[in-house]
Structures are given as C-alpha cells and as structure tokens.
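Residue strings, one per chain:
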Amino acid sequence: MNPQYQYDIFVIGGGSGGLTVVDEAQMLGKRVGLADYIKPSPHGTQWGTGGTCPNVGCIPKKLMHMTALIGEIRHELTATGWQGIDPHSNHDWNTLVNEVQRQVKGINKANDDWLVTTNGITYYNKLGKLKDDHTIELIDKDGQSGFVTAEYIVIAVGSRPSFPNDIPNVKQLTITSDDLFSLKKAPGKTLVVGASYVALECAGFLTGLGYDVTVMVRSILLRGFDQEMAERIGEFMKIQGTKFIRGTIPNSIEDVEGKRLVKWLLNGQEQSDVYDTVLLAIGRSADTQNLGLEQVGVQTNKESGKIIANESDLTSVPNIFAIGDCVQGRLELTPTAIMCGKRLIKRLYSNGNQVMEYSDVSTTVFTPLEYGCVGYSEEAAVKKFGRENLKIFTSEFTPLFWNFANRKGTCYAKLIVKKDDDIVIGFHYLGPDAAEVTQGFGVVIKLKAKKNDLDNVVGIHPSVAEEIVQMQTWK
Amino acid sequence: MDVEQEYDLFVIGGGSGGLACAKQAAKLGAKVALADFVKPSPLGTKWGLGGTCVNVGCIPKKLMHFAATLGELRHDQVEAGWIDTQVDSKHNWEKMVENVNNHIRKLNFGYKNQLLKEDVKYYNKLAELIDANTIKLTDNKGQIETVRAKTILVAVGGRPSYPDNIPNIQNLVITSDDLFWLQENPGKTLVIGASYVALECGGFLHGIGNEVAIMVRSILLRGFDQEMAEKIGLYMEEKGIRFIKGSVPDMIEATEDNKRKVTWIINGQKQEEIFDTVLVATGRVSDTQKLNLDKVGVKMNKSGKILCSADDKTSVANIYAIGDCVEGRPELTPTAIKCGQLLANRLYNNSTELMSYEFVATTVFTPLEYGCIGYSEEDAIKKFGEDKVTVYHSIFKPLEWNYFEMHSGESCFAKLIVLNDNRRVIGFHYLGPHAGEVTQGYAVAIKMGVTKEQFDSTVGIHPTCSEELVQVTAVKGIDDAQKEGC
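Residues numbered from 1 in each chain as written. Chains lettered and ligands numbered in written order. Predicted model: local features only at pLDDT ≥ 70, side-chain atom pairs only at ≥ 80, totals over all residues. Heavy atoms only, no water.

- Per an unreviewed UniProt entry, chain B goes by the name Thioredoxin reductase and belongs to Paramecium sonneborni.
- UniProt's Sequence similarities (unreviewed entry) comment on chain B is quoted here verbatim: "Belongs to the class-I pyridine nucleotide-disulfide oxidoreductase family."
- Looking at the Cofactor (unreviewed entry) heading of the UniProt record, one finds this comment for chain B: "FAD". (UniProt positions renumbered as here; feature names shortened; annotations may be inferred.)

- Under the annotation held in an unreviewed UniProt entry, chain A carries the name Thioredoxin reductase and is attributed to Paramecium sonneborni.
- Quoted verbatim from the Sequence similarities (unreviewed entry) heading of the UniProt record, the comment on chain A is "Belongs to the class-I pyridine nucleotide-disulfide oxidoreductase family."

### Some details on the packing of helix H3 (residues 58–72) of chain A against helix H8 (residues 197–208) of chain A
Residue and element names in this part refer to chain A.
- Packing of H3 against H8 brings their axes to within 8 Å, and their N-to-C directions diverge by 35°. The crossing of H3 and H8 is left-handed. Contacts from Lys-61, Met-64, His-65 and Ala-68 of H3 reach H8 at Tyr-197, Glu-201, Phe-205 and Gly-208.
- Looking at side-chain class alone, the contact of H3 with H8 contains four nonpolar, two polar and two charged residues. (Axes fitted to C-alpha atoms, helices over the stretch in contact; angles between N-to-C directions. Helix = DSSP H or I, 4+ residues; strand = E, 2+ residues; numbered from the N terminus. Left-handed = near helix turned anticlockwise from the far one by under 90°. Contact = heavy atoms within 4.5 Å. Nonpolar A, V, L, I, M, F, W, Y, C, P; charged D, E, K, R; others polar.)

### Brief notes about the interface of chain A and chain B
- Contacts between the two partners involve 81 residues from chain A, matched on the other side by 79 residues from chain B.
- Interface of chain A and chain B: buried area, both sides summed, is about 6,900 Å²; carbon and sulfur atoms make up 67% of it.
- Of all residues in chain A, Trp-82, Glu-436 and Ile-460 of chain A give up the largest surface area on contact with chain B, accounting jointly for 12% of the area buried on that side.
- Counting every contact that joins chain A to chain B gives one salt bridge.
- Note that Lys-62 of chain A and Glu-400 of chain B form a salt bridge whose closest N and O atoms lie 4.0 Å from each other.
- Those elements that place two or more of their residues in the side of chain A that touches chain B are H3, helix H4 (74–79), helix H5 (93–117), helix H11 (334–349), strand S17 (363–365), helix H13 (400–404), helix H14 (434–446) and helix H15 (451–455) of chain A.
- Residue contributions to the side of chain A that touches chain B peak at eleven residues, all from H14 of chain A.
- Residue composition of the side of chain A that touches chain B, grouped by class: 37 nonpolar, 29 polar and 15 charged. (Buried area = accessible area lost by both parts, 1.4 Å probe. Salt bridge = Lys/Arg side-chain N within 4 Å of Asp/Glu carboxyl O.)

### Considering unusual backbone geometry
- Residue His-461 of chain A is joined to Pro-462 of chain A through a cis peptide bond whose omega torsion reads 0°.
- Structurally, Pro-462 of chain A is set in the segment after H15.
- The omega torsion across His-462 of chain B and Pro-463 of chain B is 0°, close enough to zero to call that bond cis.
- Within the secondary structure layout, Pro-463 of chain B lies in the segment after helix H13 (452–456).
- If you check the backbone angles, Asn-292 of chain B has positive phi at about 70° while not being a glycine.
- Here Asn-292 of chain B lies in the loop between strand S15 (284–286) and helix H9 (293–296).
- Note on Asn-292 of chain B: relative accessible area 22%, which makes it partly exposed.
- For Phe-359 of chain B, which is not a glycine, the phi torsion comes out positive at approximately 55°. (Buried < 20%, exposed > 50% of the residue type's maximum accessible area, 1.4 Å probe, protein only.)

### Considerations on the nonpolar core
All names here are of chain B.
- Core analysis: the largest hydrophobic core is formed by 175 residues, its most contacted members being Leu-179, Phe-428 and Phe-455.
- At eight residues, helix H3 (residues 58–79) tops the list of elements feeding residues into this core.
- The residues contacting Phe-428, other than those within four sequence positions of it, are Gly-371, Cys-372, Ile-373, Lys-415, Leu-416, Val-438, Thr-439, Tyr-442, Ile-446, Phe-455 and Leu-469.
- With 27 residues, the next largest nonpolar core counts Ile-135, Val-147, Cys-308 and Ala-321 among its residues. (Core = buried A, V, L, I, M, F, W, Y, C linked by side-chain atoms within 4.5 Å.)

### Some points on the confidence of the model for chain B
- In this model, chain B carries an average pLDDT of 95, and 97% of its residues clear a pLDDT of 70 or more.
- Across the assembled chains, the prediction reports ipTM 0.92 with pTM 0.94. (pLDDT = per-residue confidence, 0-100.)

### Comments concerning the sheet that holds S17 of chain A
Residue and element names in this part refer to chain A.
- In spatial order, the strands read S17-S18-S21-S20-S19; together these five strands make up an open sheet with antiparallel pairing. For this open sheet the edge positions go to S17 and strand S19 (390–397), each flanked by a neighbour on one side alone. Averaged over all pairs of adjacent strands, the angle between their axes in this sheet comes to 15°, without regard to strand direction.
- Direction of pairing for strand S20 (residues 411–418) relative to strand S21 (residues 424–430): antiparallel, over a ladder of six bridges. Considered in S21, the bridge of Ala-413 is made with Tyr-429. (Pairing = 2+ DSSP bridges.)

### As for the sheet that holds strand S8 (residues 190–193) of chain A
Residue and element names in this part refer to chain A.
- In space, the four strands of this open sheet follow the order S10-S9-S8-S14, with parallel pairing throughout. What marks the edges here is a single partner per strand, and that holds for strand S10 (243–246) and strand S14 (277–280). Averaged over all neighbouring strand pairs, the angle between strand axes comes to 20°, with direction disregarded.

### Some words on the UniProt feature "domain: FAD/NAD(P)-binding" (unreviewed entry) in chain B
- According to UniProt, the feature "domain: FAD/NAD(P)-binding" (unreviewed entry) maps to residues 7–339 of chain B in the numbering used here.
- The span residues 7–339 of chain B is 33% helix and 24% strand, and its two end C-alpha atoms sit 21 Å from each other.

### A word on the UniProt feature "domain: FAD/NAD(P)-binding" (unreviewed entry) in chain A
- The residues that UniProt annotates with the feature "domain: FAD/NAD(P)-binding" (unreviewed entry) are residues 7–339 of chain A.
- Structurally, residues 7–339 of chain A comprises 32% helix and 25% strand, and the distance from its first C-alpha atom to its last is 23 Å.

### Re H11 of chain A
All names here are of chain A.
- Its 16 residues give H11 an end-to-end C-alpha distance of 23 Å, which sits within 8% of 22 Å, the value for a rise of 1.5 Å per residue.
- All of the buried residues along H11 are Thr-334, Pro-335, Thr-336, Ala-337, Met-339, Cys-340, Gly-341, Arg-343, Leu-344, Ile-345 and Arg-347.
- A positive phi of about 60° marks Asn-351, the residue just after H11. (Expected span 1.5 Å × (residues − 1).)

### Observations regarding the UniProt feature "domain: Pyridine nucleotide-disulphide oxidoreductase dimerisation" (unreviewed entry) in chain A
- The sites that carry the UniProt feature "domain: Pyridine nucleotide-disulphide oxidoreductase dimerisation" (unreviewed entry) are, in the present numbering, residues 361–471 of chain A.
- Each end of residues 361–471 of chain A is marked by a C-alpha atom, and these two atoms are 22 Å apart; helix forms 28% of the span and strand 28%.

### Quick look at the packing of H14 of chain A against helix H12 (residues 435–447) of chain B
- Between H14 of chain A and H12 of chain B, the least distance of the axes is 6 Å, while the angle of their chain directions is 10°. Taken together, H14 of chain A and H12 of chain B sit at an angle that is classed as roughly parallel. Along its contact with H14 of chain A, which presents Glu-436, Val-437, Gln-439, Gly-440, Phe-441, Val-443 and Val-444 of chain A, the element H12 of chain B presents Glu-437, Val-438, Gln-440, Gly-441, Tyr-442, Val-444 and Ala-445 of chain B.
- By residue class, the composition of the contact of H14 of chain A with H12 of chain B is eight nonpolar, four polar and two charged. (Parallel < 35°, antiparallel > 145°, perpendicular 65-115°, else oblique.)

### Notes on the pairing of strand S9 (residues 212–216) of chain B
Residues and elements named next belong to chain B.
- Burial analysis of S9 places five of its five residues in the buried class, which makes it a mostly covered element.
- Side chains Val-212, Ile-214 and Val-216 of S9 all project onto a buried face; the interleaved residues Ala-213 and Met-215 project onto the opposite face, where all are buried too.
- When strand S8 (residues 189–192) meets S9, the two strands line up parallel, connected through four bridges. Bridge pairing in S9 links Ile-192 to Met-215.

### Some thoughts on helix H10 (residues 333–348) of chain B
- Between its first and last C-alpha, H10 of chain B extends 22 Å over 16 residues, near the 22 Å set by a 1.5 Å rise per residue.
- Counting buried positions along H10 of chain B yields twelve of 16 residues, so the element is predominantly enclosed.
- Residues of H10 of chain B that are buried include every one of Thr-333, Pro-334, Thr-335, Ala-336, Lys-338, Cys-339, Gly-340, Leu-342, Leu-343, Ala-344, Asn-345 and Arg-346 of chain B, and no others.
- Looking at the packing, one finds that the buried side of H10 of chain B touches H15 of chain A together with helix H1 (16–27), helix H2 (51–56), H3, strand S6 (144–154) and strand S16 (319–321) of chain B.
- Asn-350 of chain B, located one to two residues past H10 of chain B, shows a positive phi value of around 55°.

Structure representation (structure tokens):
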C-alpha cells in the first residue's frame, strides 16, 4: 500500500470490466475508488450503475428478445392443446418496459448496495477525468470538482452509440439503444438504420412484438460475422415480417407532425417513407472524449477514439490501464471484459501471469433465429488456410417442435474443419436456444477438438444440439 | 412351409438400434431384412415402426413435456406484456394426443420409406428363432413364413414391467405404452414408481393441469446423482405434485364408476384414495420371452436381458444383440443407434471400432430438466475416494425467470465433479431449463478429458444459463453455492 496515494487503484467506469476490477481488487484488501456516471443520451435517457450490459445492452435486449419469442409460442401452445389462445394477440409496450426496468433497477440496486456497503470501496457517482497520471478529477452533476489520487488507474469507460455526421439534427430525430429499453411510448412503425447485431436484434424483437419494422442496410449484414449465416438470419427475419431496404443510407430525416419523414436514394431514385421512430444502430464509439487522455499522454486511435493498450492492458502511461469496449482491438463483449479485469488484478497483485486471450471466444446473436458461433467464419478460414485445405460440414434441420407446430423456416449448422489435422476451427449454429447450445462447444473448440471427437460423442435425444455431433455431409 | 429368402443380416426389432444397424448394413451392401411387430399392451395399445423412442418414449414424452412447459410460459407472457393471454384456460388432452399421434405416424411412415430406400426388406411380423439361422415370422392373422439369415441381430428392446403383488393389475393400470395414446384425459393420476419415466410423466401431467400423486418406494431416480434427484423432487413438490414416500400399493381395485381405489400402507397405517388413473412406471423388462432364445442357446440373465460381449456378440456365434434388451447397456436411443451403426461397420466394412459407453450424456425431462455426463457424486467418491475429488457447485437463476415471480430463485443448480490429481472433470450435472441443449457440447469436452481449468478459461456467453458451468468456483463443503447476481 502506497501512502502517497489515497487509493491503490481507481477505476473510471462502472461497467462489466470496471466493476470486476473493483471487486477483485477489494477482495485482496486494496483501497479502491470507482467513478461511474452516465452522461444522458440526447433525449435525456440515463441509467444506474453496471454499465452498458445490464442497463442498455445484454440484459434488456435479451428480455425483450425473449418476450418476442414467448409471444410467438402461441402457435405451439395451440398445437399442444392449450385453449383460448388468440393467434394475433397484441402486446402492451409499457408493461414490457416497466417490467424490464424493474429488473434493471434491481440490478442497479444490488450493485449500489454492494458498492456502498463493501469495505475498501469508495464509489463516486461523478464524471471522472484524468488530471495527471496519478490524479483524477471528479465532477458532479452540478459541475462541482474534487480530486483524488491513486497508484494505479484503470479506464473502463466503454462506449456509446455513434451518430452519422451528415444528417442535420439527427440526435433529436432518432433514438438509439440507449433510449429503446426505457422508451415511454411504444415505438410504432420503426425504421432501424444499421446492420450490426444491435440493429438486427432490435429489429427482430420489435417485429416479434407486432410492430411494422424496416431495416435499412448500407451494404452487408453483420459485418465481421460469417456471411452465409448473416444472410440466413436476414432471410428468416423476412419470413417473420421484417422488411429490408438494402444498399442505401438515409439522406435526410425530418420531423413531420411528430413522425419522421426519411428520404434515401436507391438505384438513383429518391424514396421516402414516414415512420413513428427511427432507431440508429450503426455502431458504437469509445466514450473517451473529455477524459483528459491527451493531456496526460494516454495514446488513442485518432479516428475511433479507442485507447491503445498492450496485451497486458497497459496504456502509454506506465500506471494507467484500460480494459473493455474503450480499448482498441478488444471484443465488445461483457464476458471478455470481466475475464480481462480478473486477470489484470491477478497480475497486479497476485503474481498472476495470464493476459486475456481473444481467440475462440463464443458469442451469440439474439436475432429471431438465434446464432451462436465460435472461431473462424468461413471467409476468415478460407482467407487464412485456403478453401482446398478445409472441409466444411453443413446440416439443415428442423427442430422437433417446429415440425410439430408446422413452423416455417429451417435451422442450420456449419463446422469448418482443417483437412490436415481434422481440427474444428469454426462452429456456427443457427437455431433455437443458440447460446445454450453453443457454450459447451465453446469449451470444445478451445480444446482444439477434432471433428472425430465430436462424432465420437453420443447425442442427447431429442435435442437440437445433437445435430452438431451428427454432421456427415460437407459442401 | 416354404423356406425362401436367405439374408446376410436379419434384424429382429425395428427400434432405434435395429433400424440403425439395418440401414447401415444395407448401405454397406449387405442383403438385409428387418422384422418389427408390436404386441399390443394389456389394454390393447399398439403402434407402428420405430420402436419405443418414436412411439412410446422419447418423442411423445418430450412433446408432452413441452406442452406442459409452454403452459407455464403463459404466466411469463402476461408479465412481459402479452395481452389476452388467459392463464386459466384449460388444456385439451384430445387435441394434444391427436397432434402427437399424427406426428408419430409421420415418423413411422418416414422409417418405412427409409427402409424401402435402403433396400431393406420389412416384415411387419412377430419373429421367433427356430435355430441359429432360421427365423419364423407370424403376422397378425397367424400366417407363418420362414426365412434364413447368415447373421441375426436381436434388438427387441423392452416393455414396461408390472408389480407382481396385485391381482389383475394389467387391466387396472396403464403404463407409458398406453399414456401417449390415451384418447381421454387420464384425470387425477397416481404414478407408481420413481424412475425418470415416472417423474417425467407425473411432471407433464401436472403441468397440463391434472392432479398428480407419485408413489415412491424409496429413493428417486435410482442410479442418478442423489443430490440432483432430491432437488428434482423438491422442485416438483413446490409446483404442487404430491409425493407419497416410502410405500408401494397394497391393492388396486376398480370402483363402480370405473375409477381406481388404491390402498397402501405407511408407517403401519392403511391409507386409501380414489384416482381416475393409475400409471405404473416401476421399470422395464427385456422383451425376449417369446423369441425362443433359450432353445437356440443364447444366454440371458435372470431378468431376460441378453448377455453380450463388448462386440455385441451373444453366446451363439452368428447372433448379435444390441440396445435395451442387452445386459449392461444404458437404455437410451442414441447409444443404441451408434452401437447399431458400429456393429454394421464391423460386420460389413472391416471396422474394428467398438461402442464406448463412457461419459454418455443424457437428459431427464422432468419439469426442471436435468442434464448429466459421467460420474454421480456418490459413484465418484466410491470409486476414487472422497479426498481424491473436488465438487464444485452453483445455484443460479435464469434471467427469464425474473419475469414471473413464482419461479424460485434457488432451484437451478450446477455441479462439477473434478478429479484432484489430473483436474479432469469426470462428472457434470446441470439442473435448469434447456438441459439437453446446455449439456450436449460439454459431452464432447468431457470425453476429451477436459480439466476444470480449461472450463474456467472459456469465456462465457452472456446472458445464459450455460455460462454458469464455466464460472463455477464455489467448492462444496467450503463455499455456499448461492452466488450474487449479474
């Protein structure tokens, strides 16, 4: 413990990564400070502790996605004998938002209680800003400043939704994921701009809840993901009723009697339509402006604003670390930020020597047809190893319940295998319960399993996951 | 009696194992025939090609379990804003059975087509061995024909067994043979037994709105991890299923209005109650009695299960047996299928690969589902010693359960059993939703010899139930299993 400083470690940003660092450090008896503050969205939306994931990310997203799914089971309910099921049941937005916010606030309260009552943690609901390499300025909502010092500083400020810079007044006329999960009024007829997983997930559940939804896509869906899977996701969403306008972006957005008139160019023709809501989901930017980074010497990528840190999470300033979404080259995921935070504290205080690894991380996209994946996309695998060196197994299948309830659409699984050593380098599953199916295979891929290892295992019957250990055809 | 056809392989029993072997053998060029015939249950229930799994097992069981789970989701629908969801609406048994039976018939038809496509000759006749190469086939009208085969495969599976202390029991009770084809709702039901069949059936019957009691002689799910079995039972009790523990029926009688009066003894006291239906699920017995195996020299154990070596050979050189009718095999469809395929490969493609029954993953579809791989805690401690294993455990609550507050926060549970010296995960136990989907991937890892550290270094997918398994840190006996929230 260095008496020169008030804190052994000070964390700016109380999200998935930041809270983990706080927890791990306090468990080792360190004096920990945390500053977490939400700058309101352009519409004034704010939230509590916990960061993006529990407030405006993973948690509310999954709750809304699950809500859409459990609405859809009306068909299965009828097929399995339940009576009085209205096939066109309507949904009340406010009931959902209130319920989601009840759960979110429960998480906020649990976090707050823990922060306030745990010895060794001092929590500031203030905006943190670097003054020098050991000093943090803390600014409250009235603009009052105070200063604290720390031996180590960890920046974990995450990111916020980006806005295009060529549409006048765009921040007032559109909403983002920052606003969607607490929207007081039902979104109505919605245009989702973007083709990220945020865009598709939101468009997906909004369609499932009964809204007229269109997705405007500049070029491809789910950039960075396996494109065959991305296209299948899009096709399934179309079957569900989501509309797509592909190959363009909005030219202008105007307020027309409270609604949104959007204009765009398609094949040289100007087109337009009026929506109740325009939801922007074109990407996220690191929340590193006004952090004092430049004056303290913490290097960032000038274009993206992301902090440059080495594999040990160290920035260009020797006692300042950065983890999570705000760092260049990291996956924008909660579980990686958490694991990274844990390993960082182990290295700082417990002779740990593991750095975070970002290869073969399993993830799931919670679109209407869910998509779980680990490892290489087909494009990345072909680029790295050459198509002739790969064997790509595929399986199109219909889950038992879909058959039973005469549901449209098929599920799909793909395994990318290297011919020389039979190792499975890419796992792709498109179907129900994708995250639950994928997680176990995440362990498997990390073990460098061979296709033969998967084939050797007896399936669990009846399940959808057993399809993966029974794949015999390749393309 | 014409002795006509001679086959390379004759398969007796068109269930999971029999069909898999027949198809694979035919694909490899063998001349194959298969005989499948369903002897009606004592109450007259019959079904088509496909065996237990398709007709009176896995498939209808899971569909009915699904129906029950869906019913529960209506409460979540309400909380999540779906208008007009009537949580009190009744369930229509007839509609469910009709749809389930239609689905099964599609599968029966599909299997017939598959056999046709693979050029396997299908006899819908009851087979009996005359000698090691001759099979007598009797159809439902009593017509007989005889065929010969170089190799015979017995894959006759099993049928429900009945307790032997109650007169006329076969006419007074139903079994799983009958349940999935019952034309009328069974009503207030007493389930006798504590097998997974008993608990799964009792579970979904309650889930669709029936009053259910389960009579258990001693423990639940014998052979399974007992901590998990207890938790499954507790969950079912909390849902409203009544357990009558420590007893077996003394007497079952039909009442005037065709209900069932059941008498039993508990703590020396006689108890009795009237049920609409009694469902017996006390075990299954190998269906080998009428096959004439004794005379042909195929050795069986006392309960009628055929004795086979690791390569599925019986005591008669050209007769093989696979699946539920063989001693020492897990009574599961996927193992029978794989075993059948591997046998065909060995017989007709020079393969030497034997079936392995180590670390087979399975799932029990009780109201709270249970997926498991490998050793139960008891078996691990018995085999290796208590000080040689470490048990990790975790209580968790799925995110979706937060909707409907009736979901208890303490029911879902995960347990990993780790061997201390090499840190291998030798037992995996998961109690929670989507257990089959969660468990499958881990089965591959465990068969590969995955360690606890390898589990822990896998990044979780968030938010899921499954990620709990790669984040279990609490050690049983030292730490509480309950964790903090997200």
